[in-house]
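# Overview (structure and organization)
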Amino acid sequence: MTRLLIVDDDEDICTQMKWALGRDYELLTVGDGADALAAFTAVRPTVTLLDLGLPPRPHEPEEGLAVLSAILALDLLAKVIVVSGQNDKQNAIRAVGAGAYDFLCKPIDMDELRLVLQRCVYVAELEQEYRALQHTVRADSFEDMLGASPPMQAVFDFIRKVAPTSAPVLILGESGTGKEMVAQALHLRSQHAGGPFVAINCNSIPENLLESELFGHEKGAFTDAHTQRKGHIETAAGGTLFLDEIGELPVPVQVKLLRFLQEKCFQRVGGRQEIQSDARIVAATNRNLQESAASGKFREDLYFRLAVVVLKVPPLRERGDDILMLAKAFLHNYGGEHAKPGLTFAPDVLRALTAYRWPGNVRELQNRVRRAVIMADGKRVTAQDLEMTDTLSILPPQTLKEARETVEREMVKEALRRHMGKVTAAALELGVSRPTLYELMEKLGIVRESS
Ligand SMILES: Nc1ncnc2c1ncn2[C@@H]1O[C@H](COP(=O)(O)OP(=O)(O)OP(=O)(O)O)[C@@H](O)[C@H]1O
Ligand SMILES: [Mg+2]
């Protein structure tokens, strides 16, 4: 049965409610604010019916409003219906402004109450289902890519959406942000997932070879062409061709690629035969391709063909706590590889990691952690191991209180993450009571869903 908490110091009203609602709800009645909070924490009612005028000042709304905000601090989505005196509608409206679900004025019309309750329970259940669903859908990783931050979750959503289409995708992002991983994820989530994923870097192949690398060549097409050879567009048939650093593509090859994108066919170098390939093209660049197109360095028509769908991979510095999540994952992996398990970061390192600008993004983080694992003496990885003492030195000094909070925040988040947001289990692991953990979460501004 749905749990209902009734907070009212008027015993007659409590009795009246029991009569009216006892059959449909599991009722719990309390008479003051302190009991209300204890009961709320203990039973987590679906709906709380809260009288605004509570002792010690039953004619003022302050106590009721304080209880309301304390309940919402414990659970932002808690459903509280406030009950106010007849002449106190103003305060009831204030309460709704402060987060109450609805209000009723005394004397309470029981039919109206039943109706409001039904609707409120319905909304609460929907929200609960939604929350549960969010938990299963919003994982911290996607096709080997780690990321819980909103910008990375947006990238994952975007990939889910565009992967199944065969449209070309242009991936933009600073170096080391994970563009190739995104391309792979697009492949793995596409209808071509069973086919090959072929990656070529347009910058690392000499200009005169690039055309034949991409499109292949016939025997005798040029001096070294002793045999016929298939190009990457052909070998990627049924799969995905990833063209990294597309901005470096020489203009003659751009023309040929454009034709392939338009007509799905091409000729090998030195050949006449029209060859078909259904390879999906995914391109990436860390340059401003639009600018290159505008200034004539890159063909505008090709740009528009490639950029039907554009996916921007955010720089690491914009990913909030993902930085720490990635750092820890790399520490764990490399620690294992170098037979140094159980390494942790010193607390001041965590601050440096988040404050640093990461011009080389995830790749730089990976390299620094790899090096630090090798350098680390003992169990703690220091700023020195990471070559980040400069970053640390420009950070404002931390008070003891801030340092304590940094550590607490880390530990609470970790525990919640490990137990998938389950507060009871996390509290047990941390050796504190459930209410204490809730208090800590409130103090540190930790929201369960996003951890
Ligand atoms: N979200 C992520 N989670 C885990 N590892 C990641 C993530 N993003 C990138 N990496 C790792 O970081 C490194 C760089 O990624 P990737 O090569 O995909 O980036 P890039 O943008 O293509 O880099 P570049 O501009 O240098 O070509 C790789 O080793 C990759 O495994
Ligand atoms: Mg790359």
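Residues numbered from 1 in each chain as written. Chains lettered and ligands numbered in written order. Predicted model: local features only at pLDDT ≥ 70, side-chain atom pairs only at ≥ 80, totals over all residues. Heavy atoms only, no water.

## A short note on the state of the cysteines
- According to the stated counting rule, one finds zero disulfides in the structure shown.
- C105 takes part in no disulfide bond, and the closest cysteine sulfur, belonging to C120, lies 17 Å away.
- Taking relative accessible area as the criterion, C105 reaches 26% and is therefore assigned partly exposed. (Disulfide = S-S within 2.5 Å. Buried < 20%, exposed > 50% of the residue type's maximum accessible area, 1.4 Å probe, protein only.)

## Examining the site of ligand 1
- Around ligand 1, the surrounding shell holds 16 residues, and the nearest of these are L146, G176, K179, R363 and Q366.
- Take R363: an N or O atom from its side chain is 3.0 Å from an oxygen atom of ligand 1.
- At 2.9 Å from an oxygen atom of ligand 1 is found a side-chain nitrogen or oxygen belonging to Q366.
- Protein contact buries 83% of the 630 Å² of open area that ligand 1 shows by itself.
- Residue assignment for the shell around ligand 1 shows that the elements contributing at least two residues are β7 (145–146), α7 (179–188), α13 (322–337) and α15 (361–375).
- Residue classes in the shell around ligand 1 are distributed as six nonpolar, five polar and five charged.
- When residues of the shell around ligand 1 are sorted by domain, at least three fall in each of domain 2 (142–314) and domain 3 (318–444). (Near = heavy atom within 4 Å. Polar contact = N/O pair within 3.5 Å; in protein donor to acceptor, adjacent residues only side chain to side chain. Areas by Shrake-Rupley, 256 points an atom, 1.4 Å probe, with all protein chains shown as cover. Helix = DSSP H or I, 4+ residues; strand = E, 2+ residues; numbered from the N terminus. Nonpolar A, V, L, I, M, F, W, Y, C, P; charged D, E, K, R; others polar. Domains from an automatic or database assignment.)

## Quick word on the domain arrangement of the protein
- Under the domain assignment used here, the protein contains domain 1 (2–135), domain 2 (142–314) and domain 3 (318–444).
- Centre-to-centre separation of domain 2 and domain 3, based on C-alpha positions: 37 Å.
- The interface is formed by 12 residues belonging to domain 2 together with 11 residues belonging to domain 3.
- Between domain 2 and domain 3 the total buried area reaches about 900 Å² when both faces are included, carbon and sulfur atoms providing 51% of it.
- The largest share of the area that domain 2 buries against domain 3 comes from L146, G176 and P314, three residues that together contribute 48% of it.
- Our count for the contact surface shared by domain 2 and domain 3 stands at zero salt bridges.
- The interface formed by domain 2 and domain 3 contains eight residue pairs in polar contact (both at pLDDT 80 or more).
- Taken together, the residues that form the side of domain 2 that touches domain 3 break down as six nonpolar, five polar and one charged. (Contact = heavy atoms within 4.5 Å. Buried area = accessible area lost by both parts, 1.4 Å probe. Salt bridge = Lys/Arg side-chain N within 4 Å of Asp/Glu carboxyl O.)

## Things to note about the sheet that holds strand β2 (residues 25–30)
- With parallel pairing, five strands are arranged side by side in an open sheet as β2-β1-β3-β4-β5. In the strand order of this sheet, the two ends are held by β2 and β5 (102–105), each with one partner. Pairwise comparison of adjacent strand axes, ignoring direction, gives a mean angle of 20° for this sheet.
- Bridge analysis of strand β3 (residues 47–51) against strand β4 (residues 79–84) gives five bridges, and the strand direction is parallel. The residue of β4 that forms the bridge with V47 is K79.
- Each of β1 (2–7), β2 and β3 is contacted by helix α1 (residues 11–21), which is oriented at about 175° to β2, the strand it contacts most. (Pairing = 2+ DSSP bridges. Axes fitted to C-alpha atoms, helices over the stretch in contact; angles between N-to-C directions.)

## A closer look at the environment of G320
- Of note, G320 is situated in the loop between β16 (309–312) and α13.
- As for G320 and K401, which are separated by 81 residues in sequence, their C-alpha atoms are 22 Å apart.

## Concerning the nonpolar core
- Ranked by size, the top nonpolar core spans 31 residues in total, and within it L214, L243, I246 and L257 carry the most contacts.
- Elements supplying a minimum of two residues to this core: β9 (197–201), α8 (207–215), β12 (240–244), α10 (251–263), β15 (280–285), α11 (289–294) and α12 (300–306).
- Once residues lying within four places of it in the same chain are set aside, the contact partners of I246 are L170, C202, L257, A283, A284, T285, L289, F298 and L306.
- With 29 residues, the next largest nonpolar core counts L331, A346, L353 and V381 among its residues. (Core = buried A, V, L, I, M, F, W, Y, C linked by side-chain atoms within 4.5 Å.)

## Describing helix α14 (residues 347–355)
- Residues of α14 that are buried: V349, L350, R351, A352 and L353.
- Where α14 is buried, its residues touch α13, β17 (344–345), α15, β18 (380–381), α16 (389–394) and α17 (400–418).

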